[in-house]
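So the chains spell out like this:
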Amino acid sequence: MRDITSKIITQRTAVARAVLTVHPDTIKRIQNQDIPKGDPLPVAKVAAVQAAKNTPQLIPYCHPVPVDFVGVEFELSETTITVTTTVKANYKTGVEMEALSAAAAAALNLYDMLKMLDETMTIQTIELLEKHGGKSDFTQGFAHRLKAGVVVMSDSIVEGKKTDRSGQLIVDRLESMAISVHPMVVIPDDPEQIRQTLLKLSDEMRLDLIITTGGTGISPRDNTPQVTKELLDLELPGITEAARAYGQNRTPYAMLSRGIAGVRGASLIINLPGSTGGVKDALDALFPAVLHSFKMLWGYGHEKTDTHQTTPKNTSQTTPKTTSQTTEALASR
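Residues numbered from 1 in each chain as written. Predicted model: local features only at pLDDT ≥ 70, side-chain atom pairs only at ≥ 80, totals over all residues. Heavy atoms only, no water.

Caption draft 1: Geometry of helix α2 (residues 40-53). For α2, which comprises 14 residues, the first-to-last C-alpha distance of 20 Å matches the rise-based estimate of 20 Å (1.5 Å per residue) to within 8%. Where α2 is concerned, the buried positions are P40, L41, A44, A47, A48, A51 and A52. Projected down its long axis, α2 carries its buried residues within an arc of 130 degrees, all on one side. Contacts from the buried residues of α2 go to α1 (24-31), α3 (55-58), β2 (67-76), β3 (80-91) and α4 (96-114). Between the side-chain oxygen of the N-cap and the backbone nitrogen of L41 there are 3.2 Å, and the N-cap of α2 in question is D39. (Helix = DSSP H or I, 4+ residues; strand = E, 2+ residues; numbered from the N terminus. Expected span 1.5 Å × (residues − 1). Buried < 20%, exposed > 50% of the residue type's maximum accessible area, 1.4 Å probe, protein only. Arc of directions from axis to C-beta. Contact = heavy atoms within 4.5 Å. Polar contact = N/O pair within 3.5 Å; in protein donor to acceptor, adjacent residues only side chain to side chain.)

What follows is the structure, given as structure tokens:
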């Protein structure tokens, strides 16, 4: 089985279909409820539900999924029976195999109950029609247009007592998503240096995304959150709440992180912890879904858009405080 411990829980949906070809007389006998073994449709429906719930018993590499819904629909034509199954779950992995197993089980049960009447019957197709949920739904086609900066706050790394790993972890993750990363900056836990660095990256370099690592705890030199907070135009507490909630399921120490996130001008700034474990958990929790924020910053809102478009649909929705900065940033893309 694949390791899915790092995946986030999202709503998963899959729709599958199975088609049986039968003799026209068989369809008539079903409609007239003239089948010796009884009405095959309710039995096939129960079989589909059971198959969806027990898919890991049939397919060894499937994870046990807490199935929330199984829908089964039948459509009878002159010579076919079409079974359409829909499976939903809130979980870390998809339910395609559950939907396919449900469709297959329904088709097999129909075959079993009708074979004594129809030797011409065949199971023609079993196919996946659609699936939704997971990271693929949140992947943003415009990621390659984003410019990001990574800032490591650590006295010990600046002094050569430790080697940075968290900053490089962030760089590697962003680059794996085709996001352009500028040279990583390592600075001490000094409030003024933190302030000047963030101002340079957001106001002068106009980077889209700025991620910091370190200085989010409660030691005397942990200054990152309070300095960041002073610079933000809009705070986005949901981002760091999501990261802490995800981390809390893995280690109780996640509750001690004070990192914040928000927008300054056209830049999204996110504070991450200094530990490599905390950084990895936060990246797993936030990306790529957090990239949706740029569609909102650029005036697209929540609607689906052509991700190759470079001009926002409507910049009048930005607040007066940030309108000029957002317009200039977009003009530079």
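We are not done yet, so read on.
Caption draft 2: Looking closely at the sheet that holds β2. Judged by pairing direction, the sheet is antiparallel, and its four strands sit side by side in the order β2-β3-β1-β4 without closing on themselves. One side of each edge strand has no neighbouring strand; the edge strands of this open sheet are β2 and β4 (122-132). Taken pair by pair, the neighbouring strands of this sheet meet at an average axis angle of 15 degrees, ignoring direction. The sheet contact formed by strand β1 (residues 10-21) and β3 spans 12 bridges and is antiparallel. If you follow A16 over to β3, its bridge partner there is T85. (Pairing = 2+ DSSP bridges. Axes fitted to C-alpha atoms, helices over the stretch in contact; angles between N-to-C directions.)

Caption draft 3: Fine view of the nonpolar core. Counting residues in hydrophobic clusters, the biggest one holds 31 residues, and the most contacted among them are L174, L209, I270, L272, F287 and F294. Listed by contribution, the elements that provide at least two residues to this core are β5 (147-153), α7 (166-176), β8 (209-213), α10 (237-248), β10 (261-264), β11 (267-272), α11 (276-286) and α12 (292-297). A per-element tally of this core places α11 first, with four residues. Setting aside residues no more than four positions away along its own chain, L209 makes contact with K147, A148, G149, L174, L268, I270, F287 and F294. If you look at the next biggest cluster of nonpolar residues, it comprises 29 residues, including V22, I30, V95 and A102. (Core = buried A, V, L, I, M, F, W, Y, C linked by side-chain atoms within 4.5 Å.)

Caption draft 4: Structural detail: the pattern of salt bridges. Enumeration over the complete set of coordinates arrives at 11 salt bridges. Note that D112 is salt-bridged to K115, the shortest N-O span being 2.7 Å. Judged by its relative accessible area of 38%, K115 is partly exposed. One connected set of salt bridges, linked through shared partners, spans K37, D112 and K115. (Salt bridge = Lys/Arg side-chain N within 4 Å of Asp/Glu carboxyl O.)

Caption draft 5: Quick look at the environment of A102. Secondary-structure assignment places A102 in helix α4. Its relative accessible area of 0% is what places A102 among the buried residues. Sequence spacing of A102 and K45 is 57 residues, and the spatial spacing of their C-alpha atoms is 8.5 Å. In this structure, A102 is in contact with A48, A51, A52 and T85, ignoring residues within four places of it in sequence.

Caption draft 6: The arrangement of the packing of helix α8 (residues 191-204) against helix α9 (residues 224-231) in detail. At a minimum axis distance of 10 Å, the contact between α8 and α9 shows a crossing angle of 45 degrees. If you check the angle between α8 and α9, you find them oblique. Both α8 and α9 take part in a crossing whose hand is right-handed. Residues P191, I194, R195, L198 and L199 of α8 lie in contact with α9, whose contacting residues are T224, V227, T228, E230 and L231. (Parallel < 35°, antiparallel > 145°, perpendicular 65-115°, else oblique. Left-handed = near helix turned anticlockwise from the far one by under 90°.)

Caption draft 7: Focus on a nonpolar patch on the surface. Nonpolar side chains collect at one region of the surface, where Y253, M255 and L256 lie side by side and expose about 380 Å² of accessible area between them. Tracing the backbone through its elements, the reader meets L256 in the loop between α10 and β10. (Patch = residues over 30% accessible without salt bridge, like charges linked within 9 Å, V, L, I, M, F, W, Y side chains within 5 Å. Areas by Shrake-Rupley, 256 points an atom, 1.4 Å probe, with all protein chains shown as cover.)

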